[in-house]
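# Breakdown of the fold
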Amino acid sequence: ADELEKVLRNMQKEGSRPDFITFAGNGEPIMHPAFHGIAKDTKSIRDEFFPDCKISLLSNSSLLHKKEIVDALYYIDVNILKLDTAIESTFQALNKPAHGIKLKNIIESLGGFKGQKTLQTLFIRGKNKYNNIDNTTKEEINALIDAYKTIKPDSIMVYSFERGTPTPDLEKIEVDELNKIASILKAEGFRVEVY
């Protein structure tokens, strides 16, 4: 809190302004044991110095079953929450979740969260070390549509990777194909942006 206040105070003095204050990183930001307090302090300090600046979060959505985490998300203006598939086998192959994390529970938790939520869906095909992966198929898209209807997101971000992947056998989905997927989702009534 002290460091954030110092940075924002200096920015205010210099006449510069942040577009966003974003919780992200290598790993899951909401795993921090004090995340609720950090989110609350960040909102308070932001309100003091730059009330129009948005606070955002990039999360893999795996901890939304915890009440303290859900309560913390209400301090965030833009919750960007991952959902790359609605099929368990694809989820296991693509996301490699920690033991005990089930896609069904994530979808239920996302649907139960009533705050602002933007879903972020990575589209990809190819092979990782052991599995073929393709979440661009008709079956995958239809399963995602069903999940999106349960979750009721404010918007959906559709994208493919920009940087290298852990294995060379994964294919980036090009913008034309992402736009086709987005048009299917838009036809179902969802607000969709392609990145």
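In this report, we go over the structure that sits alongside the text. (Residues numbered from 1 in each chain as written. Predicted model: local features only at pLDDT ≥ 70, side-chain atom pairs only at ≥ 80, totals over all residues. Heavy atoms only, no water.)

Bringing unusual backbone geometry into the picture now. Unusually for a residue other than glycine, serine 61 sits at a positive phi of about 75°. By the element assignment, serine 61 lies in the loop between β2 (54-59) and α3 (67-73). At lysine 96, a residue that is not glycine, the phi angle is positive and equals roughly 45°. Mapped onto the elements of the fold, lysine 96 is located in the loop between α4 (88-95) and α5 (103-112). (Helix = DSSP H or I, 4+ residues; strand = E, 2+ residues; numbered from the N terminus.)

So, on to the sheet that holds β2. An order of β1-β2-β3-β4-β7-β9 is seen for the six strands of this open sheet, with the pairing classed as parallel. What marks the edges here is a single partner per strand, and that holds for β1 (20-23) and β9 (192-194). Across the sheet, the mean angle from the axis of one strand to that of its neighbour is 20°, orientation sign disregarded. In the sheet, strand β4 (residues 118-122) pairs with strand β7 (residues 155-159) via five bridges, with the strands oriented parallel. In the strand pairing of β7, threonine 121 is matched with valine 158. (Pairing = 2+ DSSP bridges. Axes fitted to C-alpha atoms, helices over the stretch in contact; angles between N-to-C directions.)

Here β1 shows one buried face, formed by Ile21 and Phe23, and one open face, formed by Phe20 and Thr22. Here β1 pairs with β2 via four bridges, running parallel. Its bridge partner being in β2, phenylalanine 20 is matched across the sheet by lysine 54. In the classification by handedness, the crossover that spans β1, the intervening helix α2 (residues 35-49) and the parallel β2 is right-handed. (Buried < 20%, exposed > 50% of the residue type's maximum accessible area, 1.4 Å probe, protein only. Right-handed = clockwise from strand over helix to strand, strands pointing away.)

This part covers the packing of α5 against helix α6 (residues 138-151). Between α5 and α6, the least distance of the axes is 7 Å, while the angle of their chain directions is 40°. Contact residues: Ile107, Leu110 and Gly111 in α5; Ala147, Thr150 and Ile151 in α6. Split into classes, the residues belonging to the contact of α5 with α6 amount to four nonpolar, two polar and no charged. (Contact = heavy atoms within 4.5 Å. Nonpolar A, V, L, I, M, F, W, Y, C, P; charged D, E, K, R; others polar.)

Per the counting criterion, the structure on display carries three aromatic pairs. Arranged with centres 5.3 Å apart and planes meeting at 75°, the rings of phenylalanine 23 and phenylalanine 35 form a pair that is edge-to-face. A residue pair is termed long-range when its members are at least 10 positions apart, and phenylalanine 23 in strand β1 and phenylalanine 35 in helix α2 qualify at 12 residues. Across the pair, exposure class does not vary: phenylalanine 23 and phenylalanine 35 are buried alike. The interplanar angle of 75° and the centroid separation of 5.5 Å between the aromatic rings of tyrosine 148 and phenylalanine 190 together place this pair among those described as edge-to-face. With tyrosine 148 in helix α6 and phenylalanine 190 in the loop between α7 (175-187) and β9, the pair connects residues that are 42 residues apart, well separated along the chain. The same class applies to tyrosine 148 as to phenylalanine 190, namely buried. (Phe/Tyr/Trp six-rings, centres within 6.5 Å; stacked < 30°, edge-to-face > 60°.)

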